There are 2 protein chains.
Amino acid sequence: MNVLITGGAGFIGSHLCDYLITDHNVTALDNLSLGRKSNIEHLFHKENFKFIEADMNNSSMMDEVFAIGKFDRIYHLAANSDIAQSHAKPSIDFKNTFLTTYNLLECMKNHNVKEIIFASSSAIYGETQGPIDEDYGPLKPISHYGAAKLSSEGFITSFVKNYEMQAWILRFPNVVGERTTHGVIFDFINKLRKDNTALEVLGDGEQYKPYLYVKDLVKAIILVSETTSEPVNIYNVGVNSRTKVRDIAKFVIRAMQLNSKIEYTGNTIGWVGDVPQFSYNLSKINKLGWKAQVTSDEAVQKSINYILQNKL
Amino acid sequence: MNVLITGGAGFIGSHLCDYLITDHNVTALDNLSLGRKSNIEHLFHKENFKFIEADMNNSSMMDEVFAIGKFDRIYHLAANSDIAQSHAKPSIDFKNTFLTTYNLLECMKNHNVKEIIFASSSAIYGETQGPIDEDYGPLKPISHYGAAKLSSEGFITSFVKNYEMQAWILRFPNVVGERTTHGVIFDFINKLRKDNTALEVLGDGEQYKPYLYVKDLVKAIILVSETTSEPVNIYNVGVNSRTKVRDIAKFVIRAMQLNSKIEYTGNTIGWVGDVPQFSYNLSKINKLGWKAQVTSDEAVQKSINYILQNKL
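## Topic: the relation of the copies chain A and chain B
And step 1. The two copies are related by a screw motion: chain A maps onto chain B through a turn of 180 degrees and a shift of 0.0 Å along the axis, at an RMSD of 0.0 Å. Seen this way, the second copy is the image of the first under a two-fold rotation axis. Identified as the residue of chain A closest to the rotation axis by C-alpha distance is S151 of chain A, at 2.0 Å.
And step 2. Here 100% of the interface residues in chain A have copies in chain B that are interface residues too; the copies meet face to matching face.

## Observations regarding the interface of chain A and chain B
And step 1. At the interface, 31 residues of chain A touch 31 residues of chain B.
And step 2. Those elements that place two or more of their residues in the side of chain A that touches chain B are α3 (91–110), α4 (144–163) and β11 (232–236) of chain A.
And step 3. With 11 residues, the top contributor of residues to the side of chain A that touches chain B is α4 of chain A.
And step 4. Of the residues contributing to the side of chain A that touches chain B, the split by class is 14 nonpolar, 12 polar and 5 charged.

## Some words on helix α1 (residues 11–20) of chain A
And step 1. Along α1 of chain A, 8 of the 10 residues are buried, which leaves the element largely enclosed by surrounding structure.
And step 2. Buried residues of α1 of chain A: F11, I12, G13, S14, H15, L16, C17 and L20 of chain A, and no others.

## As for the confidence of the model for chain A
Interpretation of this model should avoid reading the predicted coordinates in detail wherever pLDDT is low.
And step 1. Per-residue confidence for chain A gives a mean pLDDT of 95; residues scoring 70 or more make up 100%.
And step 2. Scoring of the predicted complex yields 0.96 for pTM and 0.95 for ipTM.

## Things to note about the sheet that holds strand β5 (residues 115–121) of chain A
All names here are of chain A.
And step 1. Read from one edge of the open sheet, 7 strands run β3-β2-β1-β4-β5-β6-β11, paired in parallel fashion. Edge positions in the sheet fall to β3 (49–53) and β11, since each of these pairs with one other strand and no more. If you compare each strand with its neighbour and ignore which way they point, the axes differ by 15 degrees on average.
And step 2. Where strand β2 (residues 25–30) meets β3, 5 bridges bridge the pair, whose relative direction is parallel. Within β3, the residue paired with L29 across the bridge is I52.
And step 3. Against the sheet, α4 touches β5, β6 (166–172) and β11, its axis set at about 155 degrees to β5.

## A closer look at the packing of helix α5 (residues 184–194) of chain B against helix α7 (residues 245–255) of chain B
All names here are of chain B.
And step 1. Contact geometry of α5 with α7 gives a least axis separation of 10 Å together with a crossing angle of 45 degrees. The orientation of α5 with respect to α7, classified from their angle, is oblique. Handedness of the α5/α7 crossing: right-handed. Across the interface between the two elements, V184, I185, F188, I189 and L192 from α5 touch V245, I248, A249 and V252 from α7.

Calculation rules
- Residues numbered from 1 in each chain as written.
- Chains lettered and ligands numbered in written order.
- Predicted model: local features only at pLDDT ≥ 70, side-chain atom pairs only at ≥ 80, totals over all residues.
- Least-squares fit on C-alpha atoms with pLDDT ≥ 70 in both.
- Contact = placed C-beta atoms within 7 Å.
- Helix = DSSP H or I, 4+ residues; strand = E, 2+ residues; numbered from the N terminus.
- Nonpolar A, V, L, I, M, F, W, Y, C, P; charged D, E, K, R; others polar.
- Buried ≥ 20, exposed ≤ 12 C-beta atoms within 10 Å, placed from the backbone.
- pLDDT = per-residue confidence, 0-100.
- Pairing = 2+ DSSP bridges.
- Axes fitted to C-alpha atoms, helices over the stretch in contact; angles between N-to-C directions.
- Parallel < 35°, antiparallel > 145°, perpendicular 65-115°, else oblique.
- Left-handed = near helix turned anticlockwise from the far one by under 90°.

Written out as C-alpha cells, the structure reads:
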C-alpha cells in the first residue's frame, strides 16, 4: 500500500514510519516546525521510504504530492501540538491543527483517496468529570487545539459521507516516550538546566492525567485501523493509570540527580485551556484486544531518560 | 445595548432585527448573497438601525465595523444555508459557514466583545435515531454545513474559556415562514411554475422533519439569551410536530390551485448530506417556559402563502 504520514518526522509520526515501513511504501511529510529530520534519518536509505518537507497549507504543493504519491491511505498526524501557545494567538491552531486537515480532505477528494486515520485528542471533550467514553456530550473544548481537533473530526465525517471515504478517528491523551518534542517534561528539564536550585511548577501540581507510551499508541493505531470497518470508527486511546504533575517534577529532579526545591504558582490549572483532571473510559478499545503495556509513570520516566540521554 | 446581527438581512436575521429594534441600537450586517434588502427596508428610517453590506471574511472591513460599532453583543446568523450546494463544493460551507464564525471570534477577542448568540443546527448531530437531546454523541455530521456548524461551536467554546466570553448556542431545525429565501418549498413552487403538469420530488417523499415557524424561533432566541447564564448555554430549538416531504408537495400543489401529478425519484434521501428523519428532545428549552405556538404543518403553509403572495 502507498501510505502518506503527515507529521511524519514528528514525535508520533516517526514511530508510525518505523512500524509501517516493513510492509508499505511510506511517504513522510513534515514542515519540520516541530518534527525533526533526526527522527527519521535512519529510514532515508530505504527504497520504500520518502521524506517530503512541505507545508500542508500550501495547496499547490500538496496537489503535486498527491499526484505523484498515488496514496491508498493517509495517517494524518500533522498539527500544532503545543496547546498552551495559542491562547495568545488562536490562529496557530486554526491554521496548523484545523486548516491542515481541511486542506488534506480537499486533496483526498480531488485525488480520490478514500482512507484516513486521524489523530484526534481528549482535548475535544473539554472539562469533564469521571471516565469519558466516545459518546460523551456536549463537546465543549476549552483550548483552541481541542476546538481545531473537533472541527477536523466534523469535516472528516462529512467528507466520509459525501465522497464515500472511510475514517478511523483515535482520540489520543498526552503521549510521551522516545522522540518527544516538547511539553511539561521538557519544560521542567529546561528550567532546571537554567537554575537547579528551584523548580517552578505552574499550578498546584495536582493536575492528574494519563500519559500514554508512544509505542503502545502505535500498536493501538494499527489495531483499530486493521480490525474495524464502519465508515467512521471512533476510539479513545489511553492508559488506565495517571500521573500527577507534582510527581513528574519529582521524577525529573531525581533523574537529573538534583536536590531542587519545588515551588508551585498555586492555581488549579497550569495555563488557560489546560484540562487539570481527565480520565478515559477505554472499554471500547479494550474490547478489540488492546491495552497499554506501559503505565503512565513508567512512560513519563522513559521520556525523561530519553531527553537526558540525548541532551535535547 | 449595541447589538450586531450578522446575516441581518436574511430570513431569520431580519426577524431578529424587527424584535430587537424596540430596545436596542441594532446594526445588521449582510453580504446580500442570500439576504435581501427588502427584508429590512422598513427599518431604514429608524435612528437606532444601521445596515452594513459587508463580507465577514474581509478582516480589515470587519475590524472597522467593530471599531465603530462598540458592540455589547453579537447575534451570529450569517452562514451558507443552502446545505445541498456544498456537496459539489465543500469550500462554500468552509468559508461561509465556518470561516465567518472564526473571523468573528477573532474580532470579538480583539475588540473585547464578550457575548455571542450563535445559530447552530440540528445538522451537527448527523444521522440519528429518536429524540435527540443536547448531550447526544458522538457527533458525526453528514453535511459540510453540519461540519461547519460543529466547528463553529467548538471554537466558540474555546474562545469563551480563553477570553472570558459568554455564549448562547441554539441548535435550529428547519425554519420556515415569512421572508424565507430558499429550500424545499421554494424548489417545489419554482418547479411547478416551469411545468405544472408534474412535480418531481427528490427521494421517496418520506423524509420527515420538524419545520419551525420563524417567529416562534425568535421568541426562543430571546428567552434563552435572557434567562440562562452559564458561560456556554446550549439549547435545541424545535417543534414537536413534523411534516413529510410528500405532504409539503401536496400543500404546495393545493395552494397553487393545481392538479399536478407527484413523481418521486425514489431514494430515501433527497441529496447527499440530507438527514431524512429527525426529531429533537426539547425538554431542556421547554423547562425555560418556551414551546412553539405554530405546528410544523401550519408553519410550512405560512411559508407557501408568503412565497406565493409575494411572487418570489
